[in-house]
Amino acid sequence: MAYAKNKKRLSIDLDEETYFKMEDFCSSFNGLTKGVLINECIKNFVSLNDEVKQDLAEFAYKRYRKHAKVAFEVNDDEVIRQEKEQKVADQFKNLANMYNDFKEYRFCDIEGIVDMQRFDLLNGYVVVPCDWIPLNVKRAAQSQGVYVMEIWNAKELKIPHYLYFSEQKEINDSEKTVFYSLVRKNCPDFKICEERQVEPIYGMADEQGRRELLNKEDFEDQPIIGIFEIPDDGERDRYPYSAKIFRKEK
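These numbers were taken from a predicted model, which means no experiment stands behind them. The residue count restarts for each chain, going from 1 along the sequence in the order it is written. In view of the model being predicted, local features appear only for residues whose pLDDT reaches at least 70, and side-chain atom pairs are presented and counted only at 80 or more, with totals across whole chains, interfaces and linings using the full set of residues. Side-chain descriptors were evaluated using all non-hydrogen atoms of the structure, hydrogens and water having been removed beforehand.

Right, let's talk about the pattern of salt bridges for a bit. Opposite charge on two side chains permits pairing when their charged atoms draw close. Between Lys or Arg on one side and Asp or Glu on the other, a salt bridge is scored when a side-chain nitrogen of the former is within 4 Å of a carboxyl oxygen of the latter. Per the counting criterion, the structure on display carries 15 salt bridges. Across the salt bridge formed by Lys21 and Glu17, the nearest N and O atoms sit 3.3 Å from each other. You can see Lys21 and its partner Glu17 sitting in helix α1 (residues 16-27), four residues apart, about one turn around the helix. Glu17 sits in the exposed class, given a relative accessible area of 55%. A salt bridge links Arg139 to Glu175; the shortest N-O distance between them is 2.9 Å. Placement of Arg139 in the loop between β3 (133-134) and β4 (145-152) and of Glu175 in helix α6 (residues 173-186) is noted, with a sequence separation of 36 residues between them. Salt bridges linked by common partners bring Asp50, Lys53 and Asp101 together as one network. Each helix is a run of DSSP H or I of at least 4 residues and each strand a run of E of at least 2, with the numbering of both proceeding from the N terminus. A 1.4 Å probe rolled over the protein chains alone gives each residue an accessible area, and that area as a share of the maximum for its type sets the label: buried under 20%, exposed over 50%, partly exposed in between.

Pairing between sheet strands relies on hydrogen bonds along the backbone, with the strands arranged either parallel or antiparallel. For two strands to count as paired, DSSP must find a minimum of two bridges between them. Reading across from one edge, β1-β2-β9 is the order of the three strands in this open sheet, with antiparallel pairing throughout. At either margin of the open sheet sits one strand with a lone partner, and together these are β1 (116-121) and β9 (244-247). In this sheet, adjacent strand axes meet at a mean angle of 20 degrees when their direction is disregarded. As defined by bridge partners, β1 adjoins strand β2 (residues 124-129) across six bridges and the pair is classed as antiparallel. Opposite Arg118, over in β2, you have Val127 as the bridge partner. All axes are obtained by fitting lines to C-alpha atoms, using only the stretch in contact for helices, and the reported angles, taken between N-to-C directions, cover 0 to 180 degrees.

Residues with no salt bridge and a relative accessible area higher than 30% make up the patches, which join like charges within 9 Å and nonpolar side chains (Val, Leu, Ile, Met, Phe, Trp, Tyr) within 5 Å. Here the Shrake-Rupley method, with its probe set to 1.4 Å, supplies the accessible areas, and only the displayed protein chains count as covering residues. By the counting rule applied here, Lys and Arg register as positive and Asp and Glu as negative, while His and the ends of each chain are not counted. The atom standing in for a charge is NZ when the residue is Lys, CZ when it is Arg, CG when it is Asp and CD when it is Glu. A cluster of like negative charges, contributed by Glu217, Asp218, Glu220 and Asp221, occupies part of the molecular surface. Residue placement: Glu217 occurs in helix α8 (residues 216-221). On the basis of relative accessibility, which here comes to 62%, the residue Glu217 falls in the exposed class.

Here we take up the sheet that holds strand β8 (residues 224-229). Across the sheet, which stays open at both edges, the four strands sit in the order β3-β5-β4-β8 with mixed pairing between neighbours. The strands lining the two open edges of the sheet, one partner per strand, are β3 and β8. Each of β4, β5 (162-166) and β8 touches α6; the most contacted strand, β5, lies at about 145 degrees to it. Note on contacts: a residue pair is in contact if any heavy atoms of the two residues lie within 4.5 Å.

Next up on the list: the nonpolar core. Ranked by internal contacts, the top residues of the largest apolar core, which has 19 residues, are Met149, Ile151, Tyr162, Phe179, Val183 and Phe190. If you list the elements that add at least two residues to this core, you get β4, β5, α6 and α7 (190-196). Within this scheme, the nonpolar core is defined by two criteria: the residues are buried Ala, Val, Leu, Ile, Met, Phe, Trp, Tyr or Cys, and they are joined through side-chain atoms within 4.5 Å. Core analysis: the second largest hydrophobic core is formed by 13 residues, Phe119, Val146, Val148 and Phe165 among them.

A few words on the environment of Lys185. The topology assignment puts Lys185 in helix α6. Each C-alpha atom, one on Lys185 and one on Tyr61, is 24 Å from the other, the two residues being 124 residues apart in sequence.

Function-wise, these values are silent; they only describe arrangement.
This is how it looks when you write it as structure tokens:
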């Protein structure tokens with residue numbers, strides 16, 4: 001394999017885990033250096049045209065759905081198999097996002113298919129559509145409550161649903177603030193929704209305690225940001241998007 005003589009030196013910081021993975025990988029191939037590995041990965045990825053990247057993203061996402069479905073349907077007593085399938089699914093999903101220019105790949109929307117994904121909680125698990133994006137998934141195993149952010153009147157921005165895991169059954173104001181900040185970091189267009197929002201103005205309460213929304217037309221024409229709790233299975237007759245929490249029996 002031939003390489004150009006012209007080189008540039010660059011100092012980069014790697015996660016410790018990434019560094020040792022790269023070292024192990026290079027040591028398994030005679031003569032492969034870290035510099036060659038990095039060069040080849042960058043050259044081959046950056047040079048991909050959009051059609052190739054989208055084909056690879058689509059393939060990886062379909063494989064993600066396949067393995068995620070198996071992990072979801074596996075019996076709870078088959079923990080090892082479930083963990084294995086979920087690990088493979090996560091790797092395919094990461095590849096799909098990478099080939100999609102490091103943005104969340106949302107093939108479900110294109111096909112109109114609603115596949116489900118599962119996250120284990122402290123006392124059960126939650127099932128939500130596959131294109132809902134978890135923001136603090138590392139906290140899922142210690143969480144009791146799961147919340148979704150949905151935005152109305154902003155379809156042109158194509159902002160996805162975002163999930164937030166809470167250690168408490170009910171989310172508090174400080175956690176809502178964290179939820180908002182995480183969405184801002186993951187979705188630049190979310191700021192547009194915040195800026196366009198209109199504060200509701202209510203009139204005096206009538207005899208039944210009801211208050212009329214005085215600026216209803218302006219309020220309903222602009223983005224409305226809502227945070228909703230994912231309900232437990234059996235609590236309701238209807239479950240939006242089929243999202244629900246299954247609690248372990250005590």
